[in-house]
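# Chains, contacts and geometry: an overview
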Amino acid sequence: IITTIACDHHLHTPMYFFLLNLSLLDLGSISTTVPKAMANSLWETRTISYQGCATQVFSCLFFLTTEFYLLAVMAYDRYVAICKPLHYGTLLGSRACVHMAAAAWGSGFLTALLHTANTFSLPLCQGNAVDQFFCEVPQVLRLSCSHFYLREVWFLVVNIFGDFAIFIFIVVSYVQIFRAVLRIPSEQGQHKAFSMCLPHLAVVSLFVATGVFAHLKPSSISSPFLNIVVSVLYTVVPQTVNPHIYSMRNQQLKDAI
């Protein structure tokens, strides 16, 4: 996908520019967790260095947070394209697209940096076993014996409320898209629009719901199996199905490939 969009000048449009960024994020995100988990499984080991754990936490937060912000930008792109087609060139010029993508990457970087620095500044004295197939903030916080871990918990809560507001923006954008699509007289056009937009919304909803649950679930319902299932649902599944939803069902991209 990355190579096709970069090499085919017909795909040098805002939608494919954002798709290129999404593909880079998906590649980075899944490369942060899956290879290490596979290596641990093959070599029957579960060890990771302290620096490696901190790097994994930062990388995972960076790619996942940036991807979420970029999905909001892509929802806005589709909203303008379908609901305000005459203003598309004005609202989403090349400079505006670069600024929005840069804002998503920059916001993801700052969020990941703050969470990682906040988490690993705490003293860890509850052992060194992370009950997960990768290092994530809630599992590392469980190893802390300092009351200062509440600072990171509150930061997580505030951040999740902000993410929920972005999720509402995405949902409202798609609702406006669906309203515009229903006014299309062609049933074929309606089917095409719904077949593209509904899977997008479903994956975003899965991504947000499982991510929030993983970070805010009470310890009373926590179990190793549940932790792994929920983490796979927000760190592996969306990144695996995104190429199919956004690209392999796109005839223009298939023709370019």
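Residues numbered from 1 in each chain as written. Predicted model: local features only at pLDDT ≥ 70, side-chain atom pairs only at ≥ 80, totals over all residues. Heavy atoms only, no water.

For the protein chain, an unreviewed UniProt entry supplies the name Olfactory receptor and the organism Crotophaga sulcirostris. Here the protein chain is described in UniProt, under the heading Function (unreviewed entry), as follows: "Odorant receptor." (UniProt positions renumbered as here; feature names shortened; annotations may be inferred.)

### Some words on the overall build of the protein chain
Tallying secondary structure elements over the protein chain gives 11 helices and 0 strands in all. The helix and strand sequence of the protein chain, counted from the amino end, reads α-α-α-α-α-α-α-α-α-α-α. Computed over C-alpha atoms, the radius of gyration of the protein chain comes to 20 Å, within 12% of the 18 Å expected from 2.2 N^0.38 for 257 residues, which places it in the range of a compact globule. Within the protein chain, the fraction of its 257 residues that count as buried is 44%. Long-range pairs, those at least 24 residues apart, make up 71% of the contacts in the protein chain between residues at least 6 apart in sequence. Charge-centre separation for the protein chain: the mean point of 13 positive side chains lies 7 Å from the mean point of 11 negative side chains. (Helix = DSSP H or I, 4+ residues; strand = E, 2+ residues; numbered from the N terminus. Rg over C-alpha atoms; globule rule 2.2 N^0.38 Å. Buried < 20%, exposed > 50% of the residue type's maximum accessible area, 1.4 Å probe, protein only. Contact = heavy atoms within 4.5 Å. Lys, Arg positive; Asp, Glu negative; His and termini not counted. Charge placed at Lys NZ, Arg CZ, Asp CG, Glu CD.)

### Observations regarding the state of the cysteines
Applying the stated rule across the entire model yields 1 disulfide. Across a sulfur-sulfur distance of 2.1 Å, cysteine 53 and cysteine 135 are joined as a disulfide pair. The chirality of the disulfide connecting cysteine 53 with cysteine 135 is left-handed, given an S-S dihedral of about -120°. Note that cysteine 53 is positioned in helix H3 (residues 50–83) and cysteine 135 in the loop between helix H5 (94–120) and helix H6 (137–141), a separation of 82 residues in sequence. For cysteine 53, a relative accessible area of 8% gives the class buried. (Disulfide = S-S within 2.5 Å.)

### Remarks on the environment of lysine 217
Relative to the elements of secondary structure, lysine 217 occurs in the loop between helix H8 (187–216) and helix H9 (224–235). The class of lysine 217 is buried, set by a relative accessible area of 10%. Each C-alpha atom of the pair lysine 217 and serine 247 lies 33 Å from the other, and the pair is 30 residues apart in sequence.

### A look at the UniProt feature "transmembrane region" (unreviewed entry) in the protein chain
Those places that UniProt annotates as "transmembrane region" (unreviewed entry) correspond, in this numbering, to residues 15–34, 54–76, 96–114, 153–175, 196–215 and 221–241. The distance separating the terminal C-alpha atoms of residues 54–76 is 33 Å; by composition the span is 100% helix and 0% strand. End C-alpha to end C-alpha, residues 96–114 measures 27 Å, and it is 100% helix and 0% strand.

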